Amino acid sequence: MTTRRRTLSSVCLALVILGGSRASAAEETETGANKPHKTRGAGGVPVVGLALSGGGARGFAHIGVLKALEEMRIPVDRIAGTSMGAVIGGLYACGYKPAQIEEIILRLDWSELFRITGPRSRMALFEREESGRYLISLPMDRLKIKLPAGFSEGDRITSILALLTVNSVAVDSFDELPIPFRAVGTDLVTGERVALGAGSLPEAIRASLAFPFFFTPVEIEGRLLTDGGLSDNLPVDVAEEMGADIVIASDTTSPLRDKEELNSPLGIADQALSLEMVASAQRMRGRADAVIAPEIGKRQPNDFKDIPVIIAEGYRAARENPDLQRIARSVAPAPPRLSPKPPPILGGFRADGERRLTRRQLASLTQAVTGKPLSVPDLPQAIQESVGEEFFRTVRFQLEHGQDGKSLLVMKVSEKQTDRFNLSARADDKYGALGLVNLSFRNLWRGDNAAALDLQVGSFSRASAQFLTPSVPGTSFFFRPQAFWSNDFQLAYSDRLNTSRFVDRRWGFELQGGNTFRNLGAVTLGYRFVSHEFHLDTGMPLLAPFHGKVTSLALRSHVDTLDRSEVPEKGRIIDLSLESARQGLGGDLSFERASLDYAGYHTWAKRHTLVTGLIVGAALDPLPDFEKYRVGGVGYLTGLKREELRGDYAAGVRVGYRLRMADPEKSFLSRFYLEMGVDGANVWQKGNHPWDGGLIPDAYLSLLVRTWVGPFRLTTGFTEGGRRNATFFFGHSF
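Predicted, not measured: the structure shown is a model, and the values here were computed from it.

Chemist: Outline the packing of helix 3 (residues 84-94) against helix 4 (residues 98-107), listing residues and values.
Modeler: Following both chains from N to C, one finds helix 3 and helix 4 inclined at 135 degrees, their axes separated by 10 Å at the closest point. As judged from the angle between their axes, helix 3 and helix 4 are oblique. Judged by the sense of rotation from one axis to the other, the crossing of helix 3 with helix 4 is right-handed. Contacts between helix 3 and helix 4 pair Ile88, Leu91 and Tyr92 from the former with Pro98, Ile101 and Ile105 from the latter. Of the residues that constitute the contact of helix 3 with helix 4, the class distribution is six nonpolar, no polar and no charged.

Here it is as structure tokens:
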């Protein structure tokens, strides 16, 4: 491991987020042929146990070990796994073949799976609107802030495990799985090793993964459990307790740090935490009949690149292990793997919980499940295909037996969102510094209802309250009323030097209803009432003042497939709106307009991104000065001042290229980007012929940096006539 500086999140992962306690490779232990043979099982048939260690991404080598064992026809009668070993061992115990486990592992995005927040593309639409908005987010309980017990509750990985091990709901004990299994955890209160052999299999595996500080502990039968690597990272003793006569140990724990690497408080703390685990792992190696130690070098537990190379090394180490070859000659060939009892045939499906499913989802799931055996991998694949790309934050399964003798698969789904206290901040060249306080409330009145309160402070002040509720249970329709007050300002220019500032103060409410489609976007129809106060603050009276009401109906379509809200690399965002303001609706003005705003991103070779954009706006009636389209300074015509051009029509197009300064995760420079591009835009007044004068050409150059407090962007624009302007933005968008 290099000695470069790490962020807190990567250090937490490097501290063996999946139970990768560290073991020394320098110390030789007595294994295999040098040890006396153990007592054989009944009838002279030895019981072979497999102990799989933790090690994070290093633990993927266990898949290669399983491949080699099957090729060598060595039976596996018992499995004990810790952390990543519990993941691989649990799937194998459920009936997956090594090749199927490899396919699952390669399909998952591990860098996203262990992030504190999930992939943005999998978030619910309204949750996606909140992503990237806050600097600090803390859970609340009855308006009291609660400090979390870990950076992540691990809901996503537990839900994936619940789906993959759905056949485990048919057994009361892990001894009834196709291969008896134990997941090893640590009692956080007593420090005792806990071998989990009954209950919920995904919860047991999740407990074995719960490395302190990163994952919250899991409470099972009154015991608070955390990562099994803290007490028994190589569970040879657990395999022996399960009745194994021969124990094969696959050890993928990380090597201890060198002296030169002990140059930071976190590095020293990691080493100190690992010392006792090293001694324990060495003792367990001495009790095994064969120890497979893949040569993975100093690959870190959070290094999820080149997974096939790790698997191949596990296979190579097992095939070349002389103790395994001896065991292969001394045991009977492995018989075909069969379940202890045939899986039940499912007679139906039901969904329970806080998250409502649409009728289409329910019908598809019922059809996919009914009449199918409760077995893997076919049933998990059928459920995943029925739900689609979107899966739910929290999913659990259970089996119910009806009076007619049929088995009913019950899927409990929940967003499991908690109330949140959120803080954010940003700064730019127009407003200076702004702050935001947000209170978000979820699952109100035992439903999907949600509410949010915002208070924004600074030169642009704003307060708002909104409520969100599904209007029709079991559908994708929703209703969202909101009320707001804001104190903003607009800029106007008499020439390049003189700037006028206008107060733009508003309060009002909006009643909005709509329908989401495939979690990609939403179509809404809303009534909006706004009381305006618009007047000169400083400078020349270049714009007409207004004090009155504007009431309108608006039809909007919003599509959002961005991979992240800040510095996106793929996806697009499209906003299309039709607005009609009428005096007949209770206002003082009448106008109609249509607007389109598009931005798209396409990345290739990890470092190169094509950035495209388009804006179009048109009014059927002259717009009041405070509602005219404004262009300049940001986005389009960056060489002009902010909001320098305003009109009743607007159009613009942009094409840019963004270069990431280094490969992701390989260098600190991967957080730096250089973007350059060209654009053209203009505005026109009602009464003039649109497109008179064409689009004004513009070019820009931007430096972007992704930081833990939000992105920083410094842009210099160049417009025809030798115009030049610089803008900056730092923080989160809200």
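From this point, the narrative continues.
Chemist: Lay out the confidence of the model for the chain in plain terms, naming residues and giving numbers.
Modeler: The predicted structure's coordinates, where accompanied by low pLDDT, should not be read in detail. Averaged over every residue, the pLDDT of the chain is 83; the share at 70 or more is 83%. Considering only residues more than four positions removed or in separate chains, one finds that residues 1-42, a stretch of pLDDT under 50, has 122 contacts.

Chemist: Explain the pairing of strand 24 (residues 571-581) to me, and be specific about the residues and the numbers.
Modeler: Summarising the sheet, strand 23 (residues 546-560) and strand 24 pair through nine bridges and their orientation is antiparallel. When the sheet's bridge partners are listed, aspartate 560 is paired in strand 24 with isoleucine 573. As paired strands, strand 24 and strand 25 (residues 591-604) are joined by 11 bridges and run antiparallel to one another. Within strand 25, the position partnered with serine 577 by the bridge is serine 595.

Chemist: Any chance you could break down the environment of glycine 680 for me, citing the residues and the numbers?
Modeler: Within the secondary structure, glycine 680 sits in strand 30 (residues 672-684). In this structure, the C-alpha to C-alpha distance between glycine 680 and tyrosine 636, residues 44 residues apart in sequence, is 7.0 Å. Discounting residues that sit within four places of it in the chain, glycine 680 has contacts with Tyr636, Ala651, Gly652, Val653, Leu695, Ile696 and Pro697.

Chemist: Kindly report on the nonpolar core, identifying the contributing residues and their values.
Modeler: Ranked by size, the top nonpolar core spans 78 residues in total, and within it Phe60, Ile101, Phe181, Ile248, Leu324 and Phe397 carry the most contacts. Aside from chain neighbours lying at most four places away, what touches isoleucine 101 is Ile63, Leu66, Ile88, Leu91, Tyr92 and Tyr96. Counting 22 residues, the second largest nonpolar core, distinct from the first, contains Phe502, Phe534, Leu543 and Leu645.

Chemist: Go over unusual backbone geometry with me, naming the residues and quoting the values.
Modeler: At serine 83, a residue that is not glycine, the phi angle is positive and equals roughly 55 degrees. Here serine 83 falls in the buried class, since its relative accessible area comes to 0%. We note that alanine 605 has phi near 55 degrees; this positive angle belongs to a residue other than glycine. Looking at where alanine 605 falls in the secondary structure, it is placed in the loop between strand 25 and strand 26 (608-619). By relative accessible area, which is 57% here, alanine 605 ends up exposed.

Chemist: Could you give an account of the packing of aromatic side chains, naming the residues involved and the relevant values?
Modeler: Following the criterion strictly, the structure yields 11 aromatic pairs and no others. Their ring planes at 70 degrees and their centres at 5.3 Å tell us that tyrosine 431 and phenylalanine 489 sit as a pair that is edge-to-face. A residue pair is termed long-range when its members are at least 10 positions apart, and tyrosine 431 in the loop between strand 16 (419-428) and strand 17 (432-444) and phenylalanine 489 in strand 20 (residues 477-493) qualify at 58 residues. Taken individually, tyrosine 431 and phenylalanine 489 each receive the classification buried, so the pair is uniform in this respect. A connected cluster of aromatic rings, assembled from ring pairs, spans Phe502, Phe534, Phe546 and Phe626. The side chain of arginine 501 reaches across the aromatic face of phenylalanine 489, ending 3.8 Å from its centre. A cation sits over an aromatic face here: arginine 658 above tyrosine 673, 5.9 Å from the ring centre.

Chemist: Tell me what's going on with the pairing of strand 11 (residues 246-250), and back it up with residues and numbers.
Modeler: Of all five residues making up strand 11, five are buried, and the element is well covered by its neighbours. Pairing of strand 1 (residues 48-52) with strand 11, which is carried by five bridges, proceeds in the parallel orientation. If you follow leucine 52 over to strand 11, its bridge partner there is serine 250. Alignment of strand 11 against strand 12 (residues 290-292), held across three bridges, turns out to be parallel.

Chemist: Got a sec to walk through the packing of helix 2 (residues 61-71) against helix 3? Specific residues and values, please.
Modeler: Running from N to C, helix 2 and helix 3 point in directions that differ by 35 degrees, and their axes come no closer than 10 Å. Along the contact surface, helix 2 presents His62, Ile63, Leu66 and Glu70, while helix 3 presents Gly85, Ile88 and Tyr92. Here the residues of the contact of helix 2 with helix 3 are counted per class, giving four nonpolar, two polar and one charged.

Cut-offs applied
Residues numbered from 1 in each chain as written. Predicted model: local features only at pLDDT ≥ 70, side-chain atom pairs only at ≥ 80, totals over all residues. Heavy atoms only, no water. Axes fitted to C-alpha atoms, helices over the stretch in contact; angles between N-to-C directions. Helix = DSSP H or I, 4+ residues; strand = E, 2+ residues; numbered from the N terminus. Parallel < 35°, antiparallel > 145°, perpendicular 65-115°, else oblique. Left-handed = near helix turned anticlockwise from the far one by under 90°. Contact = heavy atoms within 4.5 Å. Nonpolar A, V, L, I, M, F, W, Y, C, P; charged D, E, K, R; others polar. pLDDT = per-residue confidence, 0-100. Pairing = 2+ DSSP bridges. Core = buried A, V, L, I, M, F, W, Y, C linked by side-chain atoms within 4.5 Å. Buried < 20%, exposed > 50% of the residue type's maximum accessible area, 1.4 Å probe, protein only. Phe/Tyr/Trp six-rings, centres within 6.5 Å; stacked < 30°, edge-to-face > 60°. Lys NZ or Arg CZ within 6 Å of the ring centre and 35° of its normal.

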